[in-house]
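Next come the chains, spelled out residue by residue.
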Amino acid sequence: MIVINNLNKSYNNVKILKNISLKVESGEIFSLLGPNGAGKTTIIRIINGLTKRDSGNIYIDNIDIFKSPQKGKSLIGLIPQSVNLDIDLSVEENLIIHGLLFSMKFKEIKSQIEELLKYVGMYEKRGEKVKNLSGGMRRRVLIARALLHKPKILFLDEPTVGLDPSIRRKIWWLVKKIQSKGTTIFLTTHYIEEAEFLSDRVGFIDNGEIIEINTPKNFIKRTGEWALDILETDREDFKTLFFKDKNEIQPFITDNFNKINIRRVNLEDVFVKLTGRKVKNA
Ligand SMILES: Nc1ncnc2c1ncn2[C@@H]1O[C@H](COP(=O)(O)OP(=O)(O)OP(=O)(O)O)[C@@H](O)[C@H]1O
Ligand SMILES: [Mg+2]
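The rules behind each value
- Residues numbered from 1 in each chain as written.
- Chains lettered and ligands numbered in written order.
- Predicted model: local features only at pLDDT ≥ 70, side-chain atom pairs only at ≥ 80, totals over all residues.
- Core = buried A, V, L, I, M, F, W, Y, C linked by C-beta atoms within 7 Å.
- Buried ≥ 20, exposed ≤ 12 C-beta atoms within 10 Å, placed from the backbone.
- Helix = DSSP H or I, 4+ residues; strand = E, 2+ residues; numbered from the N terminus.
- Contact = placed C-beta atoms within 7 Å.
- Pairing = 2+ DSSP bridges.
- Axes fitted to C-alpha atoms, helices over the stretch in contact; angles between N-to-C directions.
- Near = placed C-beta within 6 Å.
- Nonpolar A, V, L, I, M, F, W, Y, C, P; charged D, E, K, R; others polar.

A few points about the nonpolar core
Line of reasoning, step 1. By size, the foremost hydrophobic cluster in this structure holds 58 residues, and its most contacted members are A144, L154, F155, I185, F186 and L267.
Line of reasoning, step 2. Considering every element that reaches this core, the biggest residue donor is helix α5 (residues 135-147), with six residues.
Line of reasoning, step 3. Those residues in contact with F155, other than ones at most four positions away along the chain, are I44, I47, N48, I76, G77, L78, I79 and F186.

Below, the structure written as structure tokens:
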């Protein structure tokens, strides 16, 4: 379990994180969803000891990570937003170095590498230099590396950014598979579908503040399950109306429009309703 209490961070007197408090339950997939610059990576970096916080407490399985940083680190694995593998080394060499940094025995490193590279479908490429791998392959190596020392909690910072939709889906299934083996997962994303597909619970973050935490289902149910986008003749943007039932939509379709679109409500709609801003093109 992860508990964050009143976390604050400023850069150059600008508040980047404002009293962040949240709990992640053991075994769940928790997503922080928010636009560019919201503060997602900063939270992950503070938990992983890469950035200093100004104030606040973080506990992982009741261990105060600021009092016992080494103990805390052994419980967590990190997949960073930017790929930080050594591209001149092979896949296997990158993983060996990671294992040694975590003081693992060589025999254990070797057996973990074999198991995990098979798990992420990269075993055949174990001798290949990272610079010869595609973006999707590099992500899978990062996942294997993060799991090498058997962490209880995995942090994924924008796990599929810049990947093709088909490769993105493969990573999603891999993340689900990791969860099914008992690992707790904390991820950040600004992809709506990713948060919706993967998360047991989602925390909306905007401008350094947690707006609300809930299950995707509850967020969507409260907004209304159906959306009607109307492009009216005298407007340049869509107006969106929300409905609990698809049958309620018909009376709202008048003659005064250019285009309409009836669709399911998604987490983007929920975010816009809560903040007045979009997640995507912010
Ligand atoms: N080292 C730094 N020095 C100064 N400002 C920083 C630093 N790191 C981050 N920031 C600022 O902190 C804010 C939050 O950044 P952060 O990287 O946490 O956002 P994010 O939600 O991860 O965004 P993205 O979706 O683009 O990854 C941004 O305004 C960013 O410019
Ligand atoms: Mg980020």
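This is not the end of the story, as more comes after the structure.
Looking at the sheet that holds strand β8 (residues 184-189)
Adjacent strands of a sheet pair through backbone hydrogen bonds, lying either parallel or antiparallel.
Line of reasoning, step 1. With respect to topology, six strands assemble into an open sheet ordered β6-β7-β8-β3-β9-β10, the strand pairing being mixed. The sheet is open, and its two borders are formed by β6 (76-79) and β10 (209-214), each paired with just one other strand. Direction aside, neighbouring strands of the sheet carry axes that sit 15° apart on average.
Line of reasoning, step 2. One ladder, built from four bridges, connects β6 with strand β7 (residues 153-157); its direction is parallel. Paired with G77 across the strands is L154, a residue of β7.
Line of reasoning, step 3. Where helix α9 (residues 267-275) meets the sheet, its contacts fall on β3 (29-33), β9 (201-206) and β10, and the angle it forms with β9 comes to roughly 45°.

Let's talk about the site of ligand 1
Line of reasoning, step 1. Around ligand 1 there are 13 residues in total, and Y11, N36, K40, T41 and T42 lie nearest to it.
Line of reasoning, step 2. Ranked by the residues each element gives to the shell around ligand 1, the list is headed by helix α1 (residues 40-47), at three residues.
Line of reasoning, step 3. Of the residues assigned to the shell around ligand 1, the class counts are three nonpolar, eight polar and two charged.

Re the pairing of β8
Line of reasoning, step 1. By the criterion of burial, β8 is predominantly enclosed, with six of the six residues buried.
Line of reasoning, step 2. Judged by which residues are buried, β8 turns out to be covered on both faces: T184, F186 and T188 on one side and I185, L187 and T189 on the other are all buried.
Line of reasoning, step 3. Examined bridge by bridge, β7 and β8 share five bridges and lie parallel to one another. Counted as the bridge partner of L154 is I185 from β8.

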